[in-house]
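Chain by chain, the residues:
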Amino acid sequence: MPTDKVSVWRETQKKVDGNYCIEDGAAGKEETLTRSLETLLPEEKNNPEVRDRIFVEVIGLDGHSRVLYRGAGIRPASMRSRYTSYIYEAQIEQLRQEAEEREARHQREVQDRETRYQQEVQEKEARHQQELEQAKVEIRNEVSETKI
């Protein structure tokens, strides 16, 4: 389900038992919201803009720098909803995954460089060993020629 005004409103208005308060009208508004959302086409049901439009039609707009249904003392800047926490948690998780991917990529690069370095060292040692063997053969040939 997308995170939009409808889902945030539902989370902030739902009582512990899962119902909505009848006295303040939240239950009736929830029923109207549900009916309005049921009329949407399947491709519109998860569209946050469409859902926000329906929310405004049923619930109304926030006004006078106050958070709707949170009283006169609550300003939007001081309101930290479950929605905000969810967004922060999602961002933190995304950053954590990106960091893990970068670390894994870095480890692969380090391993690749170590492997290439070891291969270069082995190749140089092999060439050096061949040159040494060739020099030994040349010295033996020179010694043989001087004895003759």
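Shown above is the structure to which this text applies.
Below: a short report on this structure. (Residues numbered from 1 in each chain as written. Predicted model: local features only at pLDDT ≥ 70, side-chain atom pairs only at ≥ 80, totals over all residues. Heavy atoms only, no water.)

Considerations on the overall build of the protein
Okay, step 1: Within the protein, the secondary structure is distributed over four helices and zero strands.
Okay, step 2: When the helices and strands of the protein are read in sequence order from the N terminus, they spell out α-α-α-α.
Okay, step 3: By the burial criterion, 16% of the 148 residues in the protein qualify as buried.
Okay, step 4: For the protein, contacts bridging at least 24 residues in sequence account for 44% of all contacts bridging at least 6.
Okay, step 5: Accessible surface, the protein as shown: approximately 11900 Å² in total, 50% of it carbon and sulfur. (Helix = DSSP H or I, 4+ residues; strand = E, 2+ residues; numbered from the N terminus. Buried < 20%, exposed > 50% of the residue type's maximum accessible area, 1.4 Å probe, protein only. Contact = heavy atoms within 4.5 Å. Areas by Shrake-Rupley, 256 points an atom, 1.4 Å probe, with all protein chains shown as cover.)

Considering the nonpolar core
Okay, step 1: If you look at the biggest cluster of nonpolar residues, it comprises twelve residues: V6, W9, Y20, A26, L33, L37, L40, V50, I54, F55, V58 and I59.
Okay, step 2: Listing elements by their share of this core, those giving two or more residues are α1 (5-13), α2 (26-38) and α3 (48-58).
Okay, step 3: The greatest single-element share of this core, amounting to four residues, is contributed by α3. (Core = buried A, V, L, I, M, F, W, Y, C linked by side-chain atoms within 4.5 Å.)

Things to note about the packing of α1 against α2
Okay, step 1: Across the interface, α1 lies against α2 with an axial gap of 12 Å and an inter-helix angle of 150°. Classified by the angle their axes make, α1 and α2 are roughly antiparallel. In this structure, the crossing between α1 and α2 has a hand that is left-handed. Judged by residue contacts, V6, W9, R10 and Q13 of α1 engage A26, K29, E30, L33, T34 and L37 from α2.
Okay, step 2: In the contact of α1 with α2, the residues fall into five nonpolar, two polar and three charged. (Axes fitted to C-alpha atoms, helices over the stretch in contact; angles between N-to-C directions. Parallel < 35°, antiparallel > 145°, perpendicular 65-115°, else oblique. Left-handed = near helix turned anticlockwise from the far one by under 90°. Nonpolar A, V, L, I, M, F, W, Y, C, P; charged D, E, K, R; others polar.)

So, to be careful, I would describe these as geometric facts and stop short of saying anything about function.
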